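Reading the structure
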Amino acid sequence: MGIVDRYDRPLRSLRISVTDRCNLRCGYCMPEGSYRWLPRPDLLTFEEIGALAEVFAGLGVTKIRLTGGEPLLRVGLVSLVAIIARTAGITDLALTTNGALLSSQAAALCAAGLGRIAVSLDTLDAAKFRELTRTGDLHETVAGIDAACSAGLPLKINTVVIRGFNDGELGDLVERGREWGAEVRFIEFMDVGGATQWSMSDVLAREEILAKVEACLGKARPLPGRGAAPAERFELPDGTRFGVIASTTAPFCGTCDRARVTADGHWFHCLYASQGIDLRAALRDGRSADELAAMIRSGWRQRTDRGAEERLRVAARGPLFPADALRDNPHLEMHTKGG
Ligand code: SAM
Ligand code: SF4
Ligand code: SF4
């Protein structure tokens, strides 16, 4: 049975973060020297995540995306994929990963019922990749993408566009994506929690992204049928498709049907929200599935979040939270909330 929030937006899509930890340190997400991690005993077990998935599915969620931090760091993730893939009502099970650990896991994830995968890849230059991620190796991510292709997993590439860093590579990325059979989605650099170095001057807006791609690959035709999807999709003259997610300059809060659960069971209604609802406490207090459903139903019905739209109205826009606020409350971090 579906539910809607105060703006009539249904709850259809859930992002579940399975860990707040990461093996990379992308400059737009985790630029600090050290982090305060969620205590391990607080992390939801796979059984708890499975129970929550069932409750959310009963309320109308059909899409689940596993994310993090880096989800492939979570030991035994394949068995969680199998649990969620079996959940009645979930018709779309996806994973977002940096790909570094994917080459050895892609086939098993696919066999366990993962429906599709998005790999984050911001540059095709090995030195720049290392500079951006601080600990990463481009070849590992490329090997992960190759393995996903061999396993037959439908694949997308996510690219955060940063002025002066990778904006000269957008055409090359689309072409490389085409070789992998993957649509590339260019994401505007967002001022989310964790992006403590964010500046509007580093953001390439949707129009600039489009112009860069078109300058290399020709006129892009907009594709209809976006629905509640974050990405606007385009088709190039040779039929190659790509997407642009204009979350910073042209947000799509009006159709947002997405919520997020952190690895320790905090349920956030918006990527920009500063307060979540503690579902772990409810689960560990022994609340029944019906009681959890009532809690979630009531929470969603009160939802008024339009975080990215509100950020548009901030005059001197800078980072959402300073580093010390993030240290005091790690739930505010993108890598904790789940991107
Ligand atoms: N570690 C995995 C990965 O990188 O794909 C999953 C988690 S990551 C937080 C999810 C997505 O958020 C990635 O595609 C990443 O590029 C994106 N992201 C992180 N910080 C961002 C920012 N400041 N602006 C835009 N996208 C961001
Ligand atoms: Fe990069 Fe994803 Fe890790 Fe953030 S969580 S540092 S985007 S790999
Ligand atoms: Fe949804 Fe919040 Fe993102 Fe707007 S800012 S699209 S409400 S998650």
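Data block above holds the structure.
Since the structure is predicted, the reported quantities are computational estimates derived from the model, not experimental observations. (Residues numbered from 1 in each chain as written. Chains lettered and ligands numbered in written order. Predicted model: local features only at pLDDT ≥ 70, side-chain atom pairs only at ≥ 80, totals over all residues. Heavy atoms only, no water.)

**Regarding the environment of Arg206**
Let me state the cut-off plainly: Secondary structure elements follow DSSP: runs of H or I no shorter than four residues count as helices, runs of E no shorter than two count as strands, and numbering proceeds from the N terminus. For this analysis, residues touch if any pair of their heavy atoms sits within 4.5 Å. Side-chain atoms alone can form a polar contact between residues adjacent in sequence; in general such a contact is a pair of N or O atoms within 3.5 Å, and within protein one must be able to donate a hydrogen while the other accepts it.
Note on placement: Arg206 falls in helix α7 (residues 206-217). Separated by 43 residues in the primary sequence, Arg206 and Thr249 place their C-alpha atoms 7.4 Å from one another. Once residues lying within four places of it in the same chain are set aside, the contact partners of Arg206 are Glu188, Glu232, Phe234, Val244, Ala246 and Thr249. At 2.7 Å, the side chain of Arg206 and the side chain of Glu232 are in polar contact.

**Section: the sheet that holds strand β12 (residues 277-278)**
The criterion, for reference: Any two strands with at least two DSSP-identified bridges between them are counted as paired. Orientation is described by axes fitted as lines to C-alpha atoms, over the contacting stretch for helices, and by angles from 0 to 180 degrees between their N-to-C directions.
Pairing within the open sheet is mixed, and its 12 strands lie in the order β7-β8-β9-β6-β5-β4-β3-β2-β1-β10-β11-β12. Edge strands, defined here as strands with exactly one partner in the open sheet, are β7 (221-222) and β12. Pairing between strand β3 (residues 92-97) and strand β4 (residues 116-120): 4 bridges, direction parallel. Bridge pairing in β4 places Ala94 opposite Arg116. Against the sheet, helix α2 (residues 77-85) contacts β1 (13-17), β2 (63-67) and β3, and its axis sits at roughly 170° relative to β2.

**What to know about helix α5 (residues 138-151)**
We count it as follows: Take the number of residues in a helix, subtract one, and multiply by 1.5 Å to get its expected span. Under the scheme applied here, a residue whose accessible area is under 20% of the maximum for its type counts as buried, over 50% as exposed, and between as partly exposed, the area being computed with a 1.4 Å probe on protein chains only.
Taking 1.5 Å of rise per residue, 14 residues should cover 20 Å, and α5 covers 20 Å from first to last C-alpha, within 8% of that figure. Residues Leu138, Thr141, Val142, Gly144, Ile145, Ala147 and Ala148 constitute the buried set of α5. The secondary structure elements touched by the buried residues of α5 are α3 (106-112), β4, α4 (126-133), β5 (155-161) and α6 (170-180). The N-cap of α5, judged by a side-chain oxygen 2.9 Å from the amide nitrogen of His139 a few residues on, is Asp137.

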